[in-house]
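Here is how the chains run, residue by residue.
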Amino acid sequence: MSGVSASLTGASGLGGRSTLVGSAGAAQAGIAAAAARYSRAVDQVSSGRAIVQPSDDVIGTDKALGLRQALAAEERYARASTDATGWLSATESGLDQASTVLNRLRDLTVQAGSDAMSAQERTILATEVRGLREELLQATNTTYLGRSVFGGTTGTGKAFVEVDGVVEPTEDLGAGAVRRALAPGVEVRVDTSRAQAFGEGDTSVFAVLDRVEAAVTAGSAESSTALADVDGALGRLRTAWTDVGTRYAQVDRLRSTGEDRSLSLTAAKAGVEEIDLAKSLMELSMHEKAYQAALGAAAKVVTPTIMDFLR
Amino acid sequence: MSTFQGLSVALSSLQTQRRAMEVAGQNVANAATPGYTRQRTDMVSLPGTTSSIGSRGWTTGQGVAVAQVARLTDRLAASRLELASGDAATASTRAGVLATVQAGFAEPSDDGLQAKLGAMWAAWDNLAQQPVGDAGAAARVTVVASSEEVAATLRAGAERTASTWTDVRTELGTLETEVNSISQSISELNRMVVATTATGAPAHELADQRDVLVRQLSALVGATSAERPDGSVDVLVGGEKLVSGQTARTVAVSGPAAMTGAGTAPTSVVFTDTGATAAVGGTAGALTEALSTTLPDVMAGYDRVAASVATQVNDLHGDPPVFTAADGGAVTAASLTASIPPGDVRAGTAGTDVSAAQAIAGLAGTADGPDGQWRTFAVGYAGEASAAIVRASAAEAAAASAQGVLTASTAVDVDSEMVDLLTFQRAYEGAARVLTAVDEMLDTLINRTGVVGR
């Protein structure tokens, strides 16, 4: 009989015979398994994380990494949109200032169009026009954090400089436009082209101003002609201003959708990475009970034997 | 028919029952001994003497004798356990190695490489917004610091992988010593079993000790055993004999001593005498696999991520490179460093051009950028670790069940031993009663004959 496997001839292998070593081993394995589940539940509740190590939830890990990457991008977009708002606000105030100057220039030009002006009065008007130039230069050189908002990517902090009495745009060595990425795939230009806002060459506000100065001195007819020049400059300025306003609204919209996106990403990340506290606590107490039950069962593992009934 | 035959019949029973009770006692004494195999006294009735030619009349048997004390082994369950424990050891060791690997990722968390990469892209983005002046200088310092942080994280990953390799190699060395000492002990026990059996005495307890050792070898190197007719066993590793009866061979670990050589020469376990590679399973199988494939692959993964960080950032930045190898060679995870002076960090071509900084910050969103490479790498190993953990728990359950089957068929059931003991005790009492009866009969015959009526 010893040659035949008892595990084959026995009724069901494991259940065939009840041995001391066998039942002790089974009880021990039960305790170890219950303890492992309990300790994992404790880990989750104490750390607050559903994914203690990546293998706990591979798909969750992948998702969490993706969500974290997207959240980091949203943080960059949020910072960039604050920066863009700063640029556009500074641009608006620069355009506001320039428009005040140009309106004053227009008033002066209209005044100079009157035939009643004496030569001396014209000289005074011309001096005032001259004075506006300084103010206009300041407006066109508006800066934000040390960078000229109309200067594009010039290395200096200025968009225009006065050289030998003539105001000229500074040289732009870079790409010419300053852009901020504000959403996935969306870039918004935050500077404003000086050519668009202030004209270039003959149409440049400074050229216009120089011409107005000459016209004011020359006489009423010339001044009336120069008025069209000034109106042209004002028109360009208004167009640029409208453009800035549009972009300002766009940045605002992008920021608010970005915040929404950020919130939903944070919620999704929490859903993947963090535990549902109520559920985890329930599981914890369940595993605790299971562990205690395993211990209790092990205490009774030495089943009564016939020895208890023999004297 | 001898007058005194009744006495010798009773005596044979007394002796046999006492022997049987001793065996039952030995079984009960070892009810909790791990690896003990229960024994059974096989009794045989002794036939009467064949009568001489022409003799008539009846003969009775000559009582009872112990035919053998059998060791109730279960070869099938034992070899099933050998295979299952080898598999379980392989699977759980492999899962352990992968768990160590993935613990090094620290993902998903705020300390992982992805968070560090995110901080680096944010620093470049910041430089793109503030390329000039004091703000620009500060942004450049941040770019260098966050780049160095990325490099340091990758260096730490490479270092951890290399030290895991060394740990595993040390463990394999310890295992080699253990295997050699166990196989030596098995051959010694084989010799003692054969010698004891030759004298006619049972060597069951020695065989038990030996089988426990064989099972240890199964877990260590995936060994299986085959019994010989003389009671000794051969131990086989991958089909080749590690222990052949009373002679044991030794094994040794062959391969590089440090991880740097792991790429070219795999680590293996070889037989010392022939130099042939042993197809080891068990713990040793998983350890050699970790040393030859898994850990070098992990290191290559770290290197790929490091190379993609260095190449992609350097290409967009231009000269001088942001990331370099500390040793001047090719960029690896172990050598990656960002030691560029902050003043040399360029945002763009000139002036306030920020095309370079913007392009580098844009790497954050590209599918095959460093983030994507890292994610593929980390999630890939998390998947492998998860699968290995599932396999390990299945293999451990199978091994536990095989152990249960073997225990159920070979360990001691105290109840049945008690019943046996009762049976033998009653049989002993009966034999003693027979002795008394024969004694009384002889008393009548010898002392009372001829005194009737006196």
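Here we summarise the structure given alongside this text. Remember, it's a predicted structure, so these values are computed and weren't measured experimentally.

The next subject is helix 1 (residues 5–29) of chain B. Look at helix 1 of chain B: 36 Å from first C-alpha to last across 25 residues, which is about the 36 Å you get at 1.5 Å a residue. In this structure, the buried side of helix 1 of chain B is in contact with strand 1 (39–46), strand 2 (63–71) and helix 9 (414–448) of chain B.

Quick look at the nonpolar core now. Among soluble globular proteins, nonpolar side chains are generally buried collectively. Formed by 95 residues in total, the largest nonpolar core has its most connected members in B:Trp124, B:Val221 and B:Phe323. Broken down by element, the residue count for this core peaks at 16 residues, all from helix 4 (residues 133–198) of chain B. Ignoring sequence-local partners within four residues, the contact set of B:Val221 consists of B:Leu175, B:Val179, B:Val237, B:Val280, B:Gly281, B:Gly282 and B:Ala284. In this structure, A:Ala98, A:Val178, A:Val208 and A:Leu234 belong to the second largest nonpolar core, which totals 49 residues.

Next up on the list: the environment of B:Pro342. Residues and elements named next belong to chain B. As for its placement among the helices and strands, Pro 342 is situated in the loop between strand 10 (336–337) and helix 7 (355–362). For Pro 342, a relative accessible area of 32% puts it in the partly exposed group. Each C-alpha atom of the pair Pro 342 and Ser 2 lies 117 Å from the other, and the pair is 340 residues apart in sequence. Ignoring any residue separated from it by four or fewer positions in sequence, one finds Pro 342 in contact with Arg 140, Val 141 and Val 144.

Residues and elements named next belong to chain A. Where strand 3 (residues 160–163) and strand 4 (residues 166–169) come together, 4 bridges link them in antiparallel fashion. When the sheet's bridge partners are listed, Glu 162 is paired in strand 4 with Val 167. Linkage of strand 3 to strand 4, two consecutive antiparallel strands, is achieved through a turn of 2 residues, within which Asp 164 is found at a positive phi near 50 degrees.

Topologically, B:Ser147 is positioned in helix 4. Those residues in contact with B:Ser147 that lie beyond four places of it in its chain are B:Met120, B:Trp124, B:Val322, B:Phe323 and B:Ala338.

Residues and elements named next belong to chain B. A rise of 1.5 Å per residue sets the reference length of helix 6 (residues 282–317), with its 36 residues, at 52 Å; its end C-alpha atoms lie 51 Å apart and thus fit the reference within 8%. Along helix 6, the sharpest change in direction is near 50 degrees and occurs at Ala 290. Within two residues after helix 6, Gly 318 carries a phi angle of roughly 85 degrees, on the positive side.

Below, the discussion takes up the pattern of salt bridges. Residues and elements named next belong to chain A. Going through the model one piece at a time under the given rule, you end up with 30 salt bridges over all chains. Close ionic contact of Arg 189 with Asp 191 constitutes a salt bridge, the shortest N to O distance being 2.7 Å. By relative accessible area, Arg 189 is classed as partly exposed at 25%. Accessibility expressed as a relative area gives 0% for Asp 191, which makes it buried.

Here we take up unusual backbone geometry. Residue and element names in this part refer to chain B. In this chain, Glu 107 is followed by Pro 108 through a cis amide linkage whose omega measures -10 degrees. Along the chain, Pro 108 falls in the loop between helix 2 (75–103) and helix 3 (113–129). In this model, Asp 319 is joined to Pro 320 through a cis peptide bond whose omega is -5 degrees. Note that Pro 320 resides in the loop between helix 6 and strand 9 (324–325). Unusually for a residue other than glycine, Ala 106 sits at a positive phi of about 50 degrees. Looking at the element boundaries, Ala 106 is found in the loop between helix 2 and helix 3.

Parameters at a glance
- Residues numbered from 1 in each chain as written.
- Chains lettered and ligands numbered in written order.
- Predicted model: local features only at pLDDT ≥ 70, side-chain atom pairs only at ≥ 80, totals over all residues.
- Heavy atoms only, no water.
- Helix = DSSP H or I, 4+ residues; strand = E, 2+ residues; numbered from the N terminus.
- Expected span 1.5 Å × (residues − 1).
- Contact = heavy atoms within 4.5 Å.
- Core = buried A, V, L, I, M, F, W, Y, C linked by side-chain atoms within 4.5 Å.
- Buried < 20%, exposed > 50% of the residue type's maximum accessible area, 1.4 Å probe, protein only.
- Pairing = 2+ DSSP bridges.
- Bend = angle between axes of the 7 residues up to and from the residue.
- Salt bridge = Lys/Arg side-chain N within 4 Å of Asp/Glu carboxyl O.

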